There are 2 protein chains.
Amino acid sequence: MADTGWSSCARSLKGVILDMCGVLYDSGEGDGVAIPGSIEAVRKLKASDLKLRFCTNETQASRDKFVAKLQRLGFDISVEEVFSPAPAAVAVLKQRGLRPHLLVHDALLPEFASVDKSDPNCVVIGDAADNFSYQNLNEAFRVLIGLEKPVLFSLGRGKYYKEMDGLSLDVGVYMKALEYATDVEAEVIGKPATSFFQSVLNDMVLQSHEVMMIGDDLVNDVGGAQQCGMKGVQVRTGKYRPSDEKHPTVAADGTVDDLAQAVDMILSQRC
Amino acid sequence: MADTGWSSCARSLKGVILDMCGVLYDSGEGDGVAIPGSIEAVRKLKASDLKLRFCTNETQASRDKFVAKLQRLGFDISVEEVFSPAPAAVAVLKQRGLRPHLLVHDALLPEFASVDKSDPNCVVIGDAADNFSYQNLNEAFRVLIGLEKPVLFSLGRGKYYKEMDGLSLDVGVYMKALEYATDVEAEVIGKPATSFFQSVLNDMVLQSHEVMMIGDDLVNDVGGAQQCGMKGVQVRTGKYRPSDEKHPTVAADGTVDDLAQAVDMILSQRC
């Protein structure tokens, strides 16, 4: 790898935040598959003096079910360590007294069980995958265009993610579609929103310069973390593409082959 | 209506171009319904000394079938008078030696019968309606992202249109979705592309300042025609919304209740 000096800052690190899909595992049929070395890398981080959190834009499952899947794959992860957009969205909705029309994956619906969904006055979209039918997108559009003050929440703004059979469109694509149709700018809940990263830092009781984010998404993981004041390192797994290393606006603090290499470099600087 | 002076220019007019859906008829179940007075308005224009053409972004049917529907509704229209995006797209594809992956309405497929669609090296999207499933959009995305030089054609860039049961998302929304996913800018074939309006003017053998466009879409009909040097008049039927009259960037040369009123005003100036 090209070490651009990021690992030397590992000495002053107090915490690490890991993206999940594309860093820990590749999604696909069933539970997907763990990326080689990543289970052991998480174990090493947990055995170190670094604080560790996981930060995902996963919205195809409730957080409980999602963590259970990672546990089945062999990862030592608990629900309390995982930050995902749906619980954050529920908090925002309740705080602002908003009643959502939901366009999300069926498996995400339990996260919103406690939210009043009658007579909707906003729209929430997640990575709905096959639920992004023409009819469902049109229904969300009609709700928005019928509101005096339309409010659209998007659980992330990713373009696509990697599944075992190829790349798949993510929620950001449908966010752009609804933004164009309605002339409304979506409020993003999840990465790369600074408020989302900040809530993870608050939970770690750390300052942003003390923490490194490791992800496969250059814009949403690396760029989002950098906007927040953290170091951002990209792995060459998951949705990584070689063109990321020549991106016009976002440059990672480092690029590594995979999580195992990143963790070995971080920990070797701390001995 | 607020006559902003446009009808006084009617004396120098030599031709009129009419949008179809939302001006002549409202679409919906079956053939849809003619807008009151529009059949007679077309008859009056044809009886005048003005040249008349029809210009639509309709891509849910082949031009033949579409014109047959209008004839069933009672309009005096022939295929040669109607300009629609699919025949224009076929010409562009053949000219540039491109083989399309099509994401269009099933009923539009016959228009592309003469085009080589093997081993696609571009994507063409139209108003595919229910064919805009997640799976189909993802397939188009995968074709584009797999091309060394991705080319995306969009048959129009409309946001939505009015059906009898409410507003429905148009092709432009899915164009924006694919543009965001792939970082490719679509080439628009149809309104508001200047090349499309120009092909209609060429067929009329008229200069742009001699022609008026009448449509219900402020941006794509009125704004597109004005960009091309024509007068653009909006009707308060179809997808018209009162907020159009306060649009930040496009101001119609005139706004009328419906086509019947527009035609009566034009013809009264010519007596």
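Residues numbered from 1 in each chain as written. Chains lettered and ligands numbered in written order. Predicted model: local features only at pLDDT ≥ 70, side-chain atom pairs only at ≥ 80, totals over all residues. Heavy atoms only, no water.

**A look at the sheet that holds strand S8 (residues 152–154) of chain A**
Residue and element names in this part refer to chain A.
Alright, step 1. On the basis of which strands lie adjacent, the open sheet formed by 4 strands has the order S6-S7-S8-S11 and parallel pairing. Strands with a single pairing partner mark the edges of an open sheet, and in this sheet they are strand S6 (100–103) and strand S11 (187–188).
Alright, step 2. The pairing of S6 with strand S7 (residues 122–125) spans 4 bridges and is parallel. If you follow His-101 over to S7, its bridge partner there is Val-123.
Alright, step 3. Contacts from helix H3 (residues 85–96) reach S6, S7, S8 and S11, with the element oriented near 160° to S8. (Pairing = 2+ DSSP bridges. Helix = DSSP H or I, 4+ residues; strand = E, 2+ residues; numbered from the N terminus. Contact = heavy atoms within 4.5 Å. Axes fitted to C-alpha atoms, helices over the stretch in contact; angles between N-to-C directions.)

**A closer look at unusual backbone geometry**
Alright, step 1. A cis geometry characterises the amide bond from Lys-191 of chain A onward to Pro-192 of chain A, with omega recorded as 5°.
Alright, step 2. With respect to the secondary-structure elements, Pro-192 of chain A resides in the loop between S11 and helix H6 (194–204).
Alright, step 3. A positive phi is found at Val-205 of chain A, a non-glycine position, where the angle reads about 55°.
Alright, step 4. Residue position: Val-205 of chain A is located in the loop between H6 and strand S12 (211–215).
Alright, step 5. Looking at Val-205 of chain A, the relative accessible area reads 66%, which means it is exposed.
Alright, step 6. Located in the positive-phi region is Asp-119 of chain B, a residue other than glycine, with phi close to 40°.
Alright, step 7. Considering the arrangement of structural elements, one finds Asp-119 of chain B in the loop between strand S6 (100–103) and strand S7 (122–125). (Buried < 20%, exposed > 50% of the residue type's maximum accessible area, 1.4 Å probe, protein only.)

**A closer look at the sheet that holds S6 of chain B**
Strand pairing in a sheet relies on backbone hydrogen bonds. The paired strands run either parallel or antiparallel.
Residues and elements named next belong to chain B.
Alright, step 1. Read from one edge to the other, the open sheet built from 4 strands follows the order S6-S7-S8-S11, with strand pairing classed as parallel. Lying at the two open borders of the sheet, with one neighbouring strand each, are S6 and strand S11 (187–188).
Alright, step 2. Here helix H4 (residues 134–145) sits on the sheet in contact with S6, S7 and strand S8 (152–154), set at roughly 160° to S6.

**Description of the environment of Met-20 of chain B**
All names here are of chain B.
Alright, step 1. Among the structural elements, Met-20 can be located in the loop between strand S1 (15–18) and strand S2 (25–26).
Alright, step 2. On the accessibility criterion, Met-20 (0% relative accessible area) is buried.
Alright, step 3. When the C-alpha atoms of Met-20 and Val-143 are compared, they prove to be 33 Å apart, with 123 residues separating the residues in sequence.

**Quick word on the interface of chain A and chain B**
For an interface, size is often stated in terms of accessible area lost upon the parts coming together.
Alright, step 1. Each partner contributes residues to the interface: chain A has 29 residues there, and chain B has 29 residues.
Alright, step 2. A buried area of about 2700 Å², summed over both sides, lies between chain A and chain B, and 60% of it is on carbon and sulfur atoms.
Alright, step 3. Put simply, chain A and chain B have 4 salt bridges between them.
Alright, step 4. Where Lys-159 of chain B meets Asp-183 of chain A, a salt bridge forms, and the shortest distance between an N and an O atom there is 2.8 Å.
Alright, step 5. The interface formed by chain A and chain B includes 20 residue pairs in polar contact (both at pLDDT 80 or more).
Alright, step 6. Elements with a minimum of two residues in the side of chain A that touches chain B: helix H4 (134–145), strand S9 (160–163), strand S10 (166–169) and helix H5 (171–182) of chain A. (Buried area = accessible area lost by both parts, 1.4 Å probe. Salt bridge = Lys/Arg side-chain N within 4 Å of Asp/Glu carboxyl O. Polar contact = N/O pair within 3.5 Å; in protein donor to acceptor, adjacent residues only side chain to side chain.)

**Brief notes about the pairing of S1 of chain B**
Residues and elements named next belong to chain B.
Alright, step 1. Neither face of S1 is exposed, since Gly-15 and Ile-17 on one face and Val-16 and Leu-18 on the opposite face are all buried.
Alright, step 2. Across 4 bridges, the pairing between S1 and strand S4 (residues 51–55) is parallel. Paired with Gly-15 across the bridge in S4 is Lys-51.
Alright, step 3. Examined bridge by bridge, S1 and strand S12 (residues 211–215) share 4 bridges and lie parallel to one another. Counterpart to Leu-18 in the pairing with S12 is Ile-214.

**Some points on the packing of H5 of chain A against helix H5 (residues 171–182) of chain B**
Alright, step 1. The contact between H5 of chain A and H5 of chain B brings their axes to 8 Å, and the two run at 140°. Considered as vectors, H5 of chain A and H5 of chain B are oriented oblique to each other. Judged by the twist between their axes, the crossing of H5 of chain A over H5 of chain B is right-handed. In this structure, H5 of chain A contributes Gly-172, Val-173, Lys-176, Ala-177, Tyr-180 and Ala-181 of chain A to the contact, and H5 of chain B contributes Gly-172, Val-173, Lys-176, Ala-177, Tyr-180 and Ala-181 of chain B.
Alright, step 2. Each residue belonging to the contact of H5 of chain A with H5 of chain B can be placed in one class, and the counts come to 8 nonpolar, 2 polar and 2 charged. (Parallel < 35°, antiparallel > 145°, perpendicular 65-115°, else oblique. Left-handed = near helix turned anticlockwise from the far one by under 90°. Nonpolar A, V, L, I, M, F, W, Y, C, P; charged D, E, K, R; others polar.)

**A few points about the relation of the copies chain A and chain B**
Alright, step 1. With an axial shift of 0.0 Å and an RMSD of 0.0 Å, the rotation relating chain A to chain B amounts to 180°. Here the two chains are linked by the operation of a two-fold rotation axis.
Alright, step 2. Most of the interface of chain A is mirrored in chain B, where 100% of its interface residues are also at the interface. (Least-squares fit on C-alpha atoms with pLDDT ≥ 70 in both.)

**Notes on the packing of H4 of chain B against H5 of chain B**
All names here are of chain B.
Alright, step 1. Between H4 and H5, whose axes approach to 10 Å, the crossing angle comes to 40°. Classified by the angle their axes make, H4 and H5 are oblique. Seen along the crossing, H4 lies across H5 with a hand that is right-handed. Contacts from Leu-137, Ala-140, Phe-141, Leu-144 and Ile-145 in H4 reach Tyr-174, Ala-177, Leu-178, Ala-181 and Thr-182 in H5.
Alright, step 2. Classifying every residue of the contact of H4 with H5 by side-chain character gives 9 nonpolar, 1 polar and no charged.

Functional significance is not addressed by these values, which are geometric in nature.
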